[in-house]
Amino acid sequence: MAMTTRDRARVSLGIQAGIFLAVVIVLAVMVDWSAIRNSFFSIENLGPMFPEIITVGLFNTVKYTVVGFVFGLLGGTLLALMRMSSFPVYRWVATGYIEFFRGIPAILVFIALGFGASLAFGVNLSTLQIAGSALAIVASAYIAETLRAGLQAVPKGQIEAARALGMPAWRAMVTIQIPQAFRIVLPPLTNEAILLTKDSSLIFVVGMAGGAAELTKMGRDGINIYQAGLTPLVIAGFCYLLLTVPLSLLARRMEHRSPRTGKK
Amino acid sequence: MSQNQTTDAATQGADQFQAAGAYSAAGVTISGLHKSFGDNEVLKGIDMEVAPGEVVCLIGASGSGKSTLLRCVNRLENPNAGTITVGEHEATHPDVNLDAMRRQIGMVFQQFNLFPHLSVLENCTITPRRVLGQSKAEAEAEALAQLDTVGLKHLSDRRPDQLSGGQQQRVAIARALTMKPQLMLFDEPTSALDPETVGDVLASMRKLAEAGMTMLVVTHEMGFAREVADRVVFMDQGLVVEEGPATEVIGSPQQPRTQDFLRRVLNPLAE
Ligand SMILES: Nc1ncnc2c1ncn2[C@@H]1O[C@H](COP(=O)(O)OP(=O)(O)O)[C@@H](O)[C@H]1O
Ligand SMILES: [Mg+2]
């Protein structure tokens, strides 16, 4: 008997719903729900964790990320300009830097700064200095490529029109190219901020004093301090989502906006 | 949008452009111009003269080097050999102040190249303000006057992408005129337009010609060339093949290559 397209769609939907129901039943029967609740969601045992997880942990995570991002943006701008320079040595240096730091795990930079700086140079860096500069060093490599792509995405005719009107090269760049590139790079820069927020947790390997603790450190320490299983880690995770989900929504909204008019 | 209204505004009152002859028009002299891209020699020795206030239409097949020639005049391309002078500026001199020279040469591109992040009015005021140091009020008054001559004053607060192609191109003309150029270069200004918007752009160009501007126009609009051009220059494969009054070059071409080109342009279905 021949099935119409609509019949087939209905059967497919039925099969998917059946599988879902089966999985839900198996989970409900087999999983030890009270153990899960005790390990991951013992909110009532966390009394002293609030408000510190917000006022200290979340605050420090934001602080490290913002410092890393701001300096990453400065460094990234410099590297992007070097990358596009007519002086070849600048291009080689910038390319080498970018490839190097995009190619190694960020955690190596944290370790190098956290342990290596005092060994090599005898300087003792604060947690903010370590986290901020490690993030900035890595972020500037990624941001440089984002900015370069954005600048090069501005059509050549735009710069030609500006130069034909009599604008000097720097004026055409500042007035015509950069504002248009800015709209192009906002979504990828927002994504970079999300990655940095998560990467700020890498400071955990270096360790830090209580007042400088960020979300991951507080989540990990909470496991030992409170009788709440892994719940402190879950709370830390939700705190990250508090930061990353709005950024992610923001980036998606900007991507859907026409870059030309700024309107939907 | 009332198309009639803009058409009227665009065609009426040529006197709204500065009175004929009010432009301090500059002449152009090109001699022995060569330009290559790698091994590809695109201009093979061009000699050409455009008198102040003269309108010259440049015609020829695609790839014959018309755009490259135009772009050498304001040095968007660097010639390999030859000299170009525009008014008192020697465009090919090593010490030429390119920015100062370009301020006196307006250019209109096939793709308009309006600045999409700026309003129509800002497109017309940004260079006078940032480069000539005009005050906002001064630049806006001049920009509105120029937008009025192309019939688009009422759209001054729009964004370029809210305008039709023909309207964008007329804004591009007004934008160039706010710099008070002494020479205007047009590179196929109507080739990217919907047919119904071509007329308004040509009308604005005709008014500009009547106002005494020196114009070098690359175009396939033979009607415009016939009616407005003082002289027509036919180029083929990087060389000037034939030039003279429009009636002669278009009406009774002497060179076989010109005849062949015009037959194909005027009669695309014949073959
Ligand atoms: N920037 C460039 N790089 C390399 N080749 C080019 C460039 N611009 C133009 N050309 C070549 O020069 C020739 C003439 O081009 P163009 O001046 O645009 O001709 P036209 O405007 O008459 O169609 C073409 O063969 C084109 O491919
Ligand atoms: Mg061309």
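The rules we used
- Residues numbered from 1 in each chain as written.
- Chains lettered and ligands numbered in written order.
- Predicted model: local features only at pLDDT ≥ 70, side-chain atom pairs only at ≥ 80, totals over all residues.
- Heavy atoms only, no water.
- Helix = DSSP H or I, 4+ residues; strand = E, 2+ residues; numbered from the N terminus.
- Rg over C-alpha atoms; globule rule 2.2 N^0.38 Å.
- Buried < 20%, exposed > 50% of the residue type's maximum accessible area, 1.4 Å probe, protein only.
- Contact = heavy atoms within 4.5 Å.
- Areas by Shrake-Rupley, 256 points an atom, 1.4 Å probe, with all protein chains shown as cover.
- Lys, Arg positive; Asp, Glu negative; His and termini not counted.
- Charge placed at Lys NZ, Arg CZ, Asp CG, Glu CD.
- Near = heavy atom within 4 Å.
- Polar contact = N/O pair within 3.5 Å; in protein donor to acceptor, adjacent residues only side chain to side chain.
- Nonpolar A, V, L, I, M, F, W, Y, C, P; charged D, E, K, R; others polar.
- Expected span 1.5 Å × (residues − 1).
- Pairing = 2+ DSSP bridges.
- Axes fitted to C-alpha atoms, helices over the stretch in contact; angles between N-to-C directions.
- Salt bridge = Lys/Arg side-chain N within 4 Å of Asp/Glu carboxyl O.
- Parallel < 35°, antiparallel > 145°, perpendicular 65-115°, else oblique.
- Left-handed = near helix turned anticlockwise from the far one by under 90°.
- Patch = residues over 30% accessible without salt bridge, like charges linked within 9 Å, V, L, I, M, F, W, Y side chains within 5 Å.
- Core = buried A, V, L, I, M, F, W, Y, C linked by side-chain atoms within 4.5 Å.
- Right-handed = clockwise from strand over helix to strand, strands pointing away.

Asker: Got a sec to walk through the overall build of chain B? Specific residues and values, please.
Answerer: Helix and strand counts for chain B stand at ten helices and ten strands. Expected size for 271 residues packed as a compact globule is a radius of gyration near 18 Å; at 18 Å, chain B falls within 12% of this value. The buried share of chain B, taken over its 271 residues, is 55%. Within chain B, contacts between residues at least 6 apart in sequence are counted, and of these 68% link residues at least 24 apart. Approximately 11000 Å² of chain B is accessible, and the part contributed by carbon and sulfur atoms is 44%. The averaged location of the 34 negative side-chain charges in chain B is 5 Å from the averaged location of its 23 positive side-chain charges.

Asker: How would you explain the overall build of chain A if you had to name every residue and give the values?
Answerer: Helix and strand content of chain A: ten helices and zero strands. Reading chain A from its N terminus to its C terminus gives the helix and strand order α-α-α-α-α-α-α-α-α-α. For chain A, whose C-alpha radius of gyration is 25 Å, the value lies well above the compact-globule estimate of 18 Å for 264 residues. With respect to the principal axes defined by its C-alpha atoms, chain A has extents near 75 × 75 × 30 Å. Out of the 264 residues belonging to chain A, those deemed buried represent 38%. Excluding contacts between residues fewer than 6 apart, the proportion of contacts in chain A whose partners are at least 24 apart in sequence is 77%. Summing over all exposed atoms, chain A offers an accessible surface of approximately 14800 Å²; the carbon and sulfur share of this is 70%.

Asker: Please give an account of the site of ligand 1 that cites residues and values.
Answerer: Residue and element names in this part refer to chain B. Taken together, the residues surrounding ligand 1 are Phe-37, Asn-40, Val-42, Ala-61, Ser-62, Gly-63, Ser-64, Gly-65, Lys-66, Ser-67 and Thr-68. The contact in question runs from an oxygen atom of ligand 1 to an N or O atom on the side chain of Ser-67, over 2.7 Å. Side-chain polar atom of Thr-68 to an oxygen atom of ligand 1: 2.5 Å apart, as the coordinates give it. Notes on ligand 1: free accessible area 560 Å², of which the protein chains cover 60%. Listed by contribution, the elements that provide at least two residues to the shell around ligand 1 are strand S2 (40-50) and helix H2 (66-73). Here the residues of the shell around ligand 1 sort into three nonpolar, seven polar and one charged.

Asker: Could you give me a rundown of unusual backbone geometry, with the residues and numbers involved?
Answerer: Residues and elements named next belong to chain B. Its identity is not glycine, yet Arg-75 carries a phi of approximately 65°, on the positive side. Within the secondary structure layout, Arg-75 lies in the loop between H2 and strand S4 (81-86). A residue is classified by how much of its surface remains accessible, and Arg-75, at 16% relative accessible area, is buried. Positive phi, normally seen in glycine, also occurs at Phe-112, with a value near 65°. For Phe-112, the location among the structural elements is in the loop between strand S6 (105-108) and helix H4 (120-130). Looking at Phe-112, the relative accessible area reads 10%, which means it is buried.

Asker: Hey, could you go over the environment of A:Tyr226 for me, with residue numbers and the actual values?
Answerer: Residue and element names in this part refer to chain A. Within the secondary structure, Tyr-226 is located in the loop between helix H9 (215-225) and helix H10 (231-256). Separated by 178 residues in sequence, Tyr-226 and Pro-48 place their C-alpha atoms 8.7 Å apart. In this structure, Tyr-226 is in contact with Asn-45, Leu-46, Pro-48, Met-49 and Pro-232, ignoring residues within four places of it in sequence.

Asker: How would you summarise helix H6 (residues 165-177) of chain B if you had to cite specific residues and measurements?
Answerer: Residue and element names in this part refer to chain B. The terminal C-alpha atoms of H6 lie 19 Å apart, and with 13 residues this matches the ideal 18 Å at 1.5 Å per residue to within 8%. Buried residues dominate H6, accounting for twelve of its 13 residues. If you check which residues of H6 are buried, you get Gly-166, Gln-167, Gln-168, Gln-169, Arg-170, Val-171, Ala-172, Ile-173, Ala-174, Arg-175, Ala-176 and Leu-177.

Asker: Before we move on, can you summarise the sheet that holds strand S3 (residues 55-59) of chain B with the specific residues and values?
Answerer: Residue and element names in this part refer to chain B. Pairing is mixed in the open sheet, where six strands are placed in the order S6-S7-S8-S3-S9-S10. A single partner strand is all that each edge strand has here, and the edge strands are S6 and strand S10 (239-244). Direction aside, neighbouring strands of the sheet carry axes that sit 15° apart on average. Relative to strand S9 (residues 231-236), S3 runs parallel, the two being bridged by four bridges.

Asker: Quick one: what's the story with the pairing of S9(B), residue by residue and with numbers?
Answerer: Residues and elements named next belong to chain B. Most of S9 sits inside the fold, with six of its six residues counted as buried. Judged by which residues are buried, S9 turns out to be covered on both faces: Arg-231, Val-233 and Met-235 on one side and Val-232, Phe-234 and Asp-236 on the other are all buried. Across five bridges, the pairing between S9 and S10 is antiparallel. Considered in S10, the bridge of Asp-236 is made with Leu-239. Linking S9 back to S10 in an antiparallel pair, the connection comprises two residues, with Gln-237 at a positive phi of about 50°.

Asker: I'd like to hear about the pattern of salt bridges, residue by residue, with values.
Answerer: All names here are of chain A. A full pass over the atoms with the stated rule returns 18 salt bridges over all chains. A salt bridge links Asp-221 to Lys-217; the nearest nitrogen and oxygen atoms lie 3.5 Å apart. Highlighted residues: Asp-221 and Lys-217, both in helix H9, separated by four residues, approximately one helical turn. A relative accessible area of 28% places Asp-221 in the partly exposed class.

Asker: Just give me the short version of the packing of helix H5 (residues 136-149) of chain B against H6(B), but keep the residues and values in it.
Answerer: Residues and elements named next belong to chain B. Put simply, H5 and H6 touch, their axes get as near as 9 Å, and they point 135° apart. What the angle tells us is that H5 and H6 run oblique. The way H5 lies across H6 gives a crossing that is right-handed. Where H5 approaches H6, its residues Glu-142, Gln-146 and Leu-147 are matched on the opposing element by Val-171, Ala-174 and Leu-177. Here the contact of H5 with H6 is composed, by residue class, of four nonpolar, one polar and one charged.

Asker: Lay out a nonpolar patch on the surface with the relevant residues and their values.
Answerer: There is a patch of nonpolar side chains on the surface, built from A:Phe40, A:Phe41, A:Ile43, A:Leu230, A:Leu233, A:Phe238, A:Leu241, A:Val245 and A:Leu249 and spanning about 780 Å² of accessible area. When residues of the nonpolar patch are assigned to their parent elements, the largest contribution, five residues, is made by H10(A).

Asker: Help me get a handle on the nonpolar core, residues and values and all.
Answerer: Residues and elements named next belong to chain B. Counting 46 residues, the largest nonpolar core has Val-171, Ile-173, Met-184, Phe-186, Met-205, Met-215 and Val-232 as its most contacted members. Every residue in contact with Val-171, bar those within four places of it in the chain, is listed here: Leu-114, Val-120, Cys-124, Leu-147, Leu-152 and Leu-163. Counting 41 residues, the second largest nonpolar core, distinct from the first, contains Met-48, Val-56, Leu-58 and Ile-105.

Asker: Which residues make up the pairing of strand S7 (residues 183-187) of chain B, and what are the values?
Answerer: All names here are of chain B. Along S7, five of the five residues are buried, which leaves the element largely enclosed by surrounding structure. Where burial is concerned, the two faces of S7 agree: the one with Leu-183, Leu-185 and Asp-187 and the one with Met-184 and Phe-186 are both buried. The sheet contact formed by S6 and S7 spans four bridges and is parallel. Pairing of Gly-106 across the sheet is with Met-184, part of S7. As defined by bridge partners, S7 adjoins strand S8 (residues 215-218) across four bridges and the pair is classed as parallel. Across the sheet, the residue bridging to Asp-187 is Val-218, located in S8. Read as a crossover between parallel neighbours, the route from S7 over helix H7 (residues 195-210) to S8 is right-handed.

Honestly, that's just the spatial picture; any functional story needs more than this.
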